[in-house]
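For reference, the chains in residue letters:
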Amino acid sequence: MNQKSISEDGLGSALPDVDSRLTLAGLDNQITIYRDSYGIPHVKASTAHDAFFGQGFATAQDRLFVMDHDRRWAYGRWAEVAGPSAIDQDILMRKFQLRASVDRDYDAIRTETRNMFCAYAEGVNAFLDTTNALPIEYQLTGTTPEPWQPQDCIAVFKARHVLMGHIEAKLWRAKMVAVLGAEQAAKLWPGTEADSLLVVPVSEKFYGTNYDALEGFSSGAENVDWLADASAGSNNWAVHGSRTASGKPLIAGDPHRPLETPSVYYQNHLACDAFDAVGLSFAGLPGFPHFGHNDKVAWCVTHASADYQDLYIEHLRDDSPSTYEFKGEWHETVVNHEVIGVKGAESVELDVHVTHHGPIILGDPTLGLGVAFKYTATDGASTGLDPLIDQLKSSSAEEMEDAMQQWVDPCNNYVFGDINGDIRYLTRGKVPVRSIENAWLPVPGWDGNHEWDGMIPFDELPRMQNPESGFIVTANNRIVGEDYPYYISIQYSNAYRADRIHDRLTAMTDATVEDMASVHAERISIPALRYISLLDSVQTETPLANQAKEILRGWNGSMDVDEVAPTIFSVLRYFLDDRLLRLQLGDLADEALGVGGRGAPHMVALLKAQISLMAADDNLSLLPTGESWPTVIGRALHQAIEYLQKSLGDDIKLWTWGTIHQTKPKHWLADAIPEKMEVLQATSRPLGGDGDTPLASSYQHGNFDISGTSVARYIYDLNDWDKSLWIVPLGASGHPGSPHFEDQAELWSKMDYIPMLYNWEKIKVQAETSQILSSK
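The structure contained in this document is the topic of the report that follows.

Rules and cut-offs
Residues numbered from 1 in each chain as written. Predicted model: local features only at pLDDT ≥ 70, side-chain atom pairs only at ≥ 80, totals over all residues. Heavy atoms only, no water. Helix = DSSP H or I, 4+ residues; strand = E, 2+ residues; numbered from the N terminus. Rg over C-alpha atoms; globule rule 2.2 N^0.38 Å. Buried < 20%, exposed > 50% of the residue type's maximum accessible area, 1.4 Å probe, protein only. Lys, Arg positive; Asp, Glu negative; His and termini not counted. Charge placed at Lys NZ, Arg CZ, Asp CG, Glu CD. Axes fitted to C-alpha atoms, helices over the stretch in contact; angles between N-to-C directions. Parallel < 35°, antiparallel > 145°, perpendicular 65-115°, else oblique. Contact = heavy atoms within 4.5 Å. Expected span 1.5 Å × (residues − 1). Bend = angle between axes of the 7 residues up to and from the residue. Phe/Tyr/Trp six-rings, centres within 6.5 Å; stacked < 30°, edge-to-face > 60°. Lys NZ or Arg CZ within 6 Å of the ring centre and 35° of its normal. Salt bridge = Lys/Arg side-chain N within 4 Å of Asp/Glu carboxyl O. Pairing = 2+ DSSP bridges. Core = buried A, V, L, I, M, F, W, Y, C linked by side-chain atoms within 4.5 Å.

## Structural notes on the overall build of the protein
Now for step 1: Scanning the protein from N- to C-terminus turns up 26 helices and 31 strands.
Now for step 2: Compactness check: the protein gives a C-alpha radius of gyration of 26 Å against a globular reference of 28 Å for 776 residues, within 12% of the reference.
Now for step 3: Each of the 776 residues in the protein was classed as buried or not, and the buried ones make up 62%.
Now for step 4: Of the side-chain charges in the protein, 61 are positive and 107 negative, and the distance between the mean point of each set is 3 Å.

## Describing the packing of helix α18 (residues 543-553) against helix α19 (residues 565-585)
Packed helix pairs are characterised by how far apart their axes lie and by the angle those axes make with each other.
Now for step 1: Closest axis-to-axis distance for the α18/α19 pair is 9 Å, and the angle between their directions is 110°. Between α18 and α19, the interaxial angle falls into the category roughly perpendicular. Each of Ala-548, Ile-551 and Leu-552 in α18 lies in contact with α19, whose residues at this interface are Ala-565, Ile-568, Phe-569 and Leu-572.

## Digging into helix α2 (residues 48-75)
Think of an α-helix as 3.6 residues a turn; residues three or four steps apart then line up on the same face.
Now for step 1: Over its 28 residues, α2 extends only 29 Å from the first C-alpha to the last, a length that falls short of the 40 Å expected when each residue adds 1.5 Å.
Now for step 2: A maximum bend of about 95° is found in α2 at Arg-63.
Now for step 3: Within α2, 26 of the 28 residues are buried, which leaves it mostly tucked inside the rest of the structure.
Now for step 4: Where α2 ends, the next residue or the one after it, Gly-76, has phi of about 70°, a positive value.

## Remarks on the packing of aromatic side chains
Now for step 1: Overall, the coordinates contain 28 aromatic pairs when judged by the stated rule.
Now for step 2: Judged by centre distance (5.3 Å) and plane angle (85°), the ring pair of Tyr-265 and Phe-291 falls under edge-to-face. With Tyr-265 in strand β9 (residues 265-271) and Phe-291 in strand β11 (residues 291-293), the pair connects residues that are 26 residues apart, well separated along the chain. The same class applies to Tyr-265 as to Phe-291, namely buried.
Now for step 3: A network of ring pairs unites the aromatic residues Phe-157, Tyr-265, Phe-282, Phe-291, Trp-407, Tyr-714 and Tyr-716 as a single cluster.
Now for step 4: Directly above the aromatic system of Tyr-106 lies the positively charged group of Arg-114, at a separation of 5.5 Å from the ring centroid.

## Examining the environment of Pro-442
Now for step 1: Counting through the fold element by element, Pro-442 comes out in the loop between α14 (437-440) and β22 (443-444).
Now for step 2: Remark: the alpha-carbon pair of Pro-442 and Ala-372, spanning 70 residues in sequence, is separated by 9.0 Å.

## Structural notes on the pattern of salt bridges
Now for step 1: Enumeration over the complete set of coordinates arrives at 43 salt bridges.
Now for step 2: Asp-319 is the salt-bridge partner of Arg-317, the closest N and O atoms lying 3.2 Å from each other.
Now for step 3: On the basis of relative accessible area, Asp-319 is assigned to the exposed category, the value being 61%.
Now for step 4: Glu-522 is the partner of Arg-504 in a salt bridge, and the nearest nitrogen-oxygen pair spans 2.9 Å.

## Notes on the pairing of strand β7 (residues 250-257)
Now for step 1: Taking burial as the measure, the eight residues of β7 include eight buried ones, the bulk of the element.
Now for step 2: By the alternation rule, side chains of β7 split into Leu-250, Ala-252, Asp-254 and His-256 and Ile-251, Gly-253, Pro-255 and Arg-257, which are all buried.
Now for step 3: As defined by bridge partners, β7 adjoins strand β28 (residues 713-717) across four bridges and the pair is classed as antiparallel. Following the sheet pairing, Ile-251 is matched in β28 by Tyr-716.
Now for step 4: When β7 meets strand β27 (residues 706-710), the two strands line up antiparallel, connected through two bridges. Counted as the bridge partner of His-256 is Ser-710 from β27.

## A word on the nonpolar core
Now for step 1: Ranked by internal contacts, the top residues of the largest apolar core, which has 169 residues, are Phe-117, Trp-237, Ile-479, Leu-505, Met-516, Tyr-716 and Leu-773.
Now for step 2: Top contributing element to this core by residue count: α2, with twelve residues.
Now for step 3: Apart from the residues lying within four places of it in its own chain, the contact partners of Leu-505 are Trp-237, Val-239, Arg-243, Phe-471, Val-473, Met-516 and Val-519.
Now for step 4: Residues Met-176, Phe-575, Val-604 and Phe-704 belong to the second largest nonpolar core, which totals 60 residues.

## Describing the sheet that holds strand β10 (residues 276-282)
Now for step 1: The strand order across the open sheet built from eleven strands is β1-β31-β2-β3-β9-β10-β11-β12-β20-β21-β23, with neighbouring strands paired in mixed fashion. Each edge of the open sheet carries a strand with a single partner, namely β1 (22-24) and β23 (463-465). On average, each strand axis in the sheet is tilted by 20° relative to the strand beside it, whichever way the strands run.

## Looking at helix α15 (residues 496-506)
Now for step 1: For α15, the buried fraction is high: eight of the eleven residues fall into the buried class.
Now for step 2: Along α15, the residues classified as buried are Tyr-496, Arg-497, Ala-498, Asp-499, Arg-500, Ile-501, His-502 and Leu-505.

## A closer look at the pairing of β10
Now for step 1: Most of β10 is tucked away, with seven of its seven residues classed as buried.
Now for step 2: Where β9 and β10 come together, seven bridges link them in antiparallel fashion. Within the sheet, the bridge partner assigned to Leu-270 lies in β10 and is Ala-277.
Now for step 3: Linkage of β9 to β10, two consecutive antiparallel strands, is achieved through a turn of four residues.
Now for step 4: Relative to β11, β10 runs antiparallel, the two being bridged by three bridges.

## Things to note about the environment of Ile-501
Now for step 1: With respect to the element layout, Ile-501 can be found in helix α15.
Now for step 2: Considered as a pair, Ile-501 and Thr-693 are 192 residues apart in the sequence and their alpha carbons are 9.2 Å apart.

## A look at the side chain of Ser-101
Now for step 1: Structurally, Ser-101 is set in helix α5 (residues 98-108).
Now for step 2: With relative accessibility at 0%, the residue Ser-101 sits in the buried group.
Now for step 3: Discounting chain neighbours no more than four positions away, the residues touching Ser-101 are Lys-158, Ala-377 and Thr-378.

## What about unusual backbone geometry?
Now for step 1: Going from Val-200 to Pro-201, the amide bond is cis rather than trans, its omega being -5°.
Now for step 2: Cis geometry is found at the peptide bond from Asp-409 to Pro-410, where omega equals -5°.
Now for step 3: Note on placement: Pro-410 falls in the loop between α13 (397-403) and β20 (412-418).
Now for step 4: In this structure, Asn-476 is a non-glycine residue whose phi angle is positive, near 65°.
Now for step 5: Within the secondary structure, Asn-476 is located in the loop between β24 (471-474) and α15.

Written out as structure tokens, the structure is:
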């Protein structure tokens, strides 16, 4: 972005003051905010109150508009800023009734947690009261921020996680059964591949029996006919000191989400007499819920893919839509009237009916139809955020594990370790105990046969400590085998990323931080290797197709950004998968292959993995009659060549993966004011890997732009915290006019890192700026 555009759009004038000394009410003592050469704030205070105050103040300086967005998102108020394009989103969020859930939680959490949220809110509001500059987005939308309330911290966290459960998957499976029938839907449910790596115990693979999809679909088929028209991943690992050069653990990983502008995680550091912790936070929430370390312990997560959300089909009376049946008796729903303000348009009003299962989020109660949403994080008052402070204060892995007893949502693969050498794994979060029918589809809410029977006891959640293997690996893969006594999930990611990380760590004996970085960069595709092995029998009809085939035959399966083979493979695979999936999905094909979210796309990804396995096993059951794998692969290869010639030209050397595989960061205002995206949007950058490699860069069917990727990478060195590294896709600042808006982007795209500064003397010496907040 050139200086002219910055001046014209007022970007420079929107930057916060990060130097001036300020005198503020409500502080216990002085706070100093040091910003390093990447603009990352390091908040030094004497009390926990002041540390969280400083975190709120610094976050508002850098990410105020994102905080405001997430708050409005949670409360269903984004249309007040973005106009009609946000109405559908706001309606859904109002149906979730998150505001009521936030208020219940705020009353239930312990005083120490409430004080943390209050201090953070005081810091945000102190910035609002003293600043002369607001983010450019407020000027472009003609809006102003409202004061931050302590409860808003909870709202932000809920907004970021409410759609990470299984509701979309269950609705999609219901649609498959309604449109395709139970038998065909079961045929298209791949389950867990045999030989798939499990999380617990390390190195053990799954050879058991999958849950019976046909039984699951058939038992619920009669209840879901009317739903026919109903409208991220991560890696982490820990290496024990017995396998590292230092003799102390190394812990690393990277969360995978859609790439936003600015990126979702905010790098920061806060210290006081009670703790000294550095990590990644959500703008709007104090502490470091998912990733960070203090002076004794480091922690990180991946999504456990656990099933903690259910959908109940409610039987409502035709003549009284606020009355629903349960176990032969009629009960009154709670009806909440919602009014959604819409910028530039009329307000939208709706009534949300709430049963004892939860709010009805789908259907029309006036027609006697409704699907209620039950979710661990909104079912009654939750104290799930109480561990935020305990996490910061924990002095050992044992303390950390004990501190997670109250954690509710999301369910995580929680990997952590301490400076004494302990490494551990815990499935963190509350998983309901209920019938297996709940796993597959929306279930009858009226018969009482699908109610929750408590949660999996904390002491019986999957866990391990210092495994004999010397390392722990999680990558959204299946957690435990069929001998585990409780249902956790029927839906996990394939184990390709986990397999590659496992193989890399198995070969390491004196691992270093640099070795962990090389695992982040691991980009060999297991499906690519399967298809490469079949090419000898594939016939080609043109010189260019033959050249492409030979390039693939000589390829090692590494999805390198500057190589041609990954491009040919990916486009070939698209045409192959597209043809075979359309044959099986029938009338649902266009929707299944074209929508986003966590429903159809996850199933399609598993089906694509299954197709590659069937090709390797010469299983012909999905192929058109009379065809073989060499013929269908050959046809797809020629289609790929034609596509690439039209889009990239005849010179095959120019068909590099990075040419068509690039990031497309999206600003939250992209749909509301697309004409301003040149000002607000971050730069696109090429990246290697794909959705099947540890170097994560997934893309949607038919579009090779990156839709999901590593939104942070981190490496904790528990022998020397100052050797720890991290990187985010853009930068610490959310201001397009800031030099720190995307100053980490080039390093991130080239798999490089910056220091995760922790030593305060080094921080002070290297600080780009420092700002003192003094007490009145």
